[in-house]
Structure formats: structure tokens, C-alpha cells
There are 2 protein chains.
Amino acid sequence: MSNIKGRGHCQTCQIRHLSIFAQLPVNRLAEIQGFQPSVVTYAVDETVYHQGDVSATAFTLRKGLVKLIKTLPNGRTQIVRVLRTGDLFGFDGFAGESYNHTAIPLSDIEVCRLPLGELMELKKQNPEIENTMMRRWIQHLREAEDMMLELGAKKAAERLASFLIRWCENSNGGWSPLPLSRGEIGELLGLTIETVSRFLSDWKRQGFINEQRGSIQIEDIAGLRKAACSSGSC
Amino acid sequence: MSNIKGRGHCQTCQIRHLSIFAQLPVNRLAEIQGFQPSVVTYAVDETVYHQGDVSATAFTLRKGLVKLIKTLPNGRTQIVRVLRTGDLFGFDGFAGESYNHTAIPLSDIEVCRLPLGELMELKKQNPEIENTMMRRWIQHLREAEDMMLELGAKKAAERLASFLIRWCENSNGGWSPLPLSRGEIGELLGLTIETVSRFLSDWKRQGFINEQRGSIQIEDIAGLRKAACSSGSC
DNA sequence: CGGGATCTTGAGCTCAATCAATAAACGTGG
DNA sequence: CCACGTTTATTGATTGAGCTCAAGATCCCG
């Protein structure tokens, strides 16, 4: 089960600079008395919330990775986003809606529970928060649009290659942890396990990539880039 | 070319109840002196803005329909959203970004130009606007997630059928204008012209749908629903 | 070391893309 | 209003990318 680890201490929070409170002056935080969100841990595969549940709290991811998935009645599922440290999620209640997807940890995680009522109040009183949230929503929307292009207009190899390039873009040349199974990569890109596996094996043989214990490394980005644009002039 | 039709008169605007200013009391509008956005018209296929352009103005759609598209270097394109009356678009500048997609009218349209600087100011002074925009961003994000599920997890027939059902859901049983070509429906759903045409013809023959001069009607929604869930238990 | 999960690889098949040829709809000017 | 050309849609034939099914291989954990 999920576990309440304690109360958050926003003023000393290690990841505040990544959160929606990043722009908030520290002294302002001190003024906010009542606000001490609980920090909660979840184990892998322990659902944080389910699609359809009433959304009364949002979360900030403090540690680990989370996948947001949508599932069809027949069981086929789509990962709509992979969250990283500092990401805000579960805010559908702000629009009077229930959660539109299910949130599942990809590793053991630690989140900060933000009751929407309190968050709304904070947001009203601190334009910096409002602003940061707005920027993030716009950013998410842009990423969602990018993903629609991937899913709607690209072929299997192109999707997988550009996914790998994106995934590894901040660890240039080095190893990146890849805590997603073949199946999950497939659910993210609209492909089957087998298709993902085939291309990855292929690219390993060709020396484009390297893999080891849940980590991946791009060895020949030019080769991958070429695979990302199979038919011609990208 | 695009045409400046004149200055908007927000207080008497016919579509204000659909816009981001819907929640704003009319008397508040009267107090806002400087704000008189220009109303501009564009003809079909005349681009409102291009992916990559600096985003300094947002728009509210007053009349007609707009498609937002993303294009791959090789020419394949994806429609990421179809806008309706009252929709706000082109706000990437709020996040310091340039436009992430290209906006093209599907019919002759009329838009309200909203310089982001002025809009930002208005938003600061009127929490109702802020709030409405937030709700819309969340709503868009939800729709984008829904679309990712369509594109990533459904087959051709399922995508097309559920698109038709969604498109017609507000005109129950009656005719709905469908100003999208086969090609555009394909670009929206990640399919080719031929695939779209084949299923539509098929469903016309089966009496599920009816079509006439750019309008469509669902005659047998149960039949379509079945097509929307080809493999089993949805 | 054993056994469940995950990954790989092969073979065959199916759905949708591609290629190609009409057919229908539309707009334009006579 | 009709003839003409252009665009858009339909339909068929064929191909091929990616799915499905199946059998091993590898990894991982107790």
C-alpha cells in the first residue's frame, strides 16, 4: 500500500526548484502557514489514481518515474505521458473533471499530495504559481501535439528512433536509465512488444545503440536519425 | 489576403459567451478602456500563422472552422485539433515559445486578434479570465490525451467510427456539416484518403451513415458503435 | 538452481498503404 | 445552362509493414 512518509517542508524541499513553486520567493513560503502537504510513497505498479476517479488532489512527483495511461474497454492501453521529478499531475479537478487517465509508478516513487482546494487558494494569492502552472500546461499541450504527430504520421521505426533520441537527449553520449519494458515502450508508441524488440535488436546489431540492465546508450546518433526518417528528406 | 474587418466591441459581442471572456461581468468589460481587439477575416487555406513563427498574438475564433496542423519535413501532416467558434488558439507565446503548429481555416473565418501583452494584462486584473483559460487548457490536454489513445491503440475503422460519433454528437440524429475532405479526415486520424473513403462508402452501403454536400448524418448509431469496437467487448 | 517473467526470433497472415484507373463533384467561362 | 477542366472521391489490385502466434532464450529473483 501507499505510505505517508510525513509532512512536506516546502522551505527546505530539495526539488522545489523543479516544482510549480519554483518561482515563489522563499520568504513568501514562510508566510504560508497552513500549507504542509503530505509526502507519500508508492511502490511500483501501485496505482496513484484511476481514470474516472474524482480528482480532489493533485501531485508533484518528488522521486522516481510515473506513467499516465488510458485503457480501452478491450484492454489495449496507451501511455499518454511519462512524468519526471518536479512534474505536476492529477489536476483535472481544476476543470471540474475526474481523472482522465490512470497514474502508475514505473519505480518506487515519492509524491507530494496537493489538495486542489488548498492549491487553488495558494494560486489565487501567488501569481507566480499561477504563471508557472500556465506555462506548464501550455508546454504539456505542445508535447501532446508532438506526440500526436508521432503516432499519426510516423512509421514504427521512425517513432521508436525519435523516442530514443528524445529520451537520451540530456545525457549526451552517455548512458540513460530506461525503466520501461518493451511492452511499455510499445504502449507509448502504439506498437507491439515484438516490433519494439525487433528494431532494438536490429539497431544493437548495427551498433546504433547499446543496452545494459535497464540503461541505454546511443552510440551512433546519425544512424538512429536516419532510421527516424526512413522515407527520405527529414 | 487576410482582412481587418474593424475593431471588436466586446460588450456587444455575439459570441462572448463562448469566449474566454464569458465569465467576465459585462460592467467589468465597460471599465476596460484600451482593449479593442481587431476582428480579422481569412479565406479558406489562407494561413493564420505558421509553425515556428514567433507567437505574439492569440486568437479567438468567431466564425468558421480552423484546423491546427503539424507537418513533417517529408510532407506528411497531422491535424492536431479542429477549432470551433469561441476557441482560443495561438497562445504559445504565453510560455515563451513560438507557435507549435500551423493554423489554417477550413472555411472563411473571422477571428479576434488578442495581442498577448494585452491579454496577459487583462488576465492579471481579472481572475475570471485566468480561470476560464486554465479550465480550457486542462480540457484541451484531456482531449489531446483522448486523441493519443485513438491514434495509438485503435484500428482504422475504430478511429473513423468514433470520430464520426464524436463529430455528430451534438446534432442527435440530424445532419451535421462536415467541412473536411477525405484527405483531411485521414490527416486527423492517421489514415490515408483511400482507407477513409473505403470505410465511409462501406458504411453508406450498410445504411449506417448518410452524406450530402458536405453534411453527414448518422442513421444507425448502433451499427457505427459496433464498428468503433471491432475486436470484442467495448 | 529452479521457475516466472521478459525478451528475442521466426513464420505466416492481415490490415492498411500504395499504385492505378475511373467516376463523380465542382467551379469557371462561354 | 451546358461544356470543359480540375479537383476530389471511389473502387480495384497489389504490396508490405507490422500484428499475431509460437517457440526458445535470457534474465532475474527467491
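Scoring rules and cut-offs
Residues numbered from 1 in each chain as written. Chains lettered and ligands numbered in written order. Predicted model: local features only at pLDDT ≥ 70, side-chain atom pairs only at ≥ 80, totals over all residues. Heavy atoms only, no water. UniProt positions renumbered as here; feature names shortened; annotations may be inferred. Helix = DSSP H or I, 4+ residues; strand = E, 2+ residues; numbered from the N terminus. Pairing = 2+ DSSP bridges. Axes fitted to C-alpha atoms, helices over the stretch in contact; angles between N-to-C directions. Contact = heavy atoms within 4.5 Å. Buried < 20%, exposed > 50% of the residue type's maximum accessible area, 1.4 Å probe, protein only. Near = heavy atom within 4 Å. Polar contact = N/O pair within 3.5 Å; in protein donor to acceptor, adjacent residues only side chain to side chain.

1. Description of the UniProt feature "domain: HTH crp-type" (unreviewed entry) in chain A
- Here the UniProt-annotated "domain: HTH crp-type" (unreviewed entry) positions come out as residues 154-222 of chain A.
- The span residues 154-222 of chain A is 51% helical and 16% strand by assignment, and the distance between its end C-alpha atoms comes to 18 Å.

2. Describing the sheet that holds strand S5 (residues 77-83) of chain B
- With antiparallel pairing, the 3 strands of this open sheet are ordered in space as S5-S4-S7 (chain B). Each edge of the open sheet is held by one strand with a lone partner, namely S5 and strand S7 (102-105) of chain B. Averaged over all pairs of adjacent strands, the angle between their axes in this sheet comes to 30°, without regard to strand direction.
- Of the strand pairs in this sheet, strand S4 (residues 66-71) of chain B and S7 of chain B are connected by 4 bridges, and their pairing is antiparallel. Note that in S7 of chain B the partner of Val66 of chain B across the bridge is Pro105 of chain B.
- Sheet strands in contact with helix H3 (residues 127-153) of chain A are S4 and S5 of chain B, and its direction is about 130° off that of S5 of chain B.
- Contacting S4 and S5 of chain B, helix H5 (residues 182-189) of chain B runs over the sheet at an angle of about 95° to S5 of chain B.

3. Looking at H5 of chain B
Residues and elements named next belong to chain B.
- For H5, the buried fraction is high: 6 of the 8 residues fall into the buried class.
- Considered for burial, the residues of H5 that qualify are Gly183, Glu184, Ile185, Gly186, Leu188 and Leu189.
- Taken together, the buried residues of H5 touch S4, S5, helix H3 (127-153), helix H4 (156-167) and helix H6 (193-205).
- At the C-terminal side of H5, Gly190 shows a positive phi close to 70°.

4. Some points on the protein's contact with DNA strand D
- DNA strand D sits among 17 residues. The nearest are Ala156 and Thr195 of chain A together with Arg182, Ser197 and Arg205 of chain B.
- Sugar plus phosphate: this is where 65% of the atoms of DNA strand D within 4 Å of the protein reside.
- In this structure, a base nitrogen belonging to DNA strand D sits 3.1 Å away from a side-chain N or O atom of Glu194 of chain A.
- Interatomic distance of 2.9 Å between a side-chain N/O atom of Arg198 of chain B and a base nitrogen of DNA strand D.
- Mapped onto the surface near DNA strand D, the elements with two or more residues apiece are helix H6 (193-205) of chain A together with H6 of chain B.
- No other element matches H6 of chain B, which puts 7 residues into the surface near DNA strand D.

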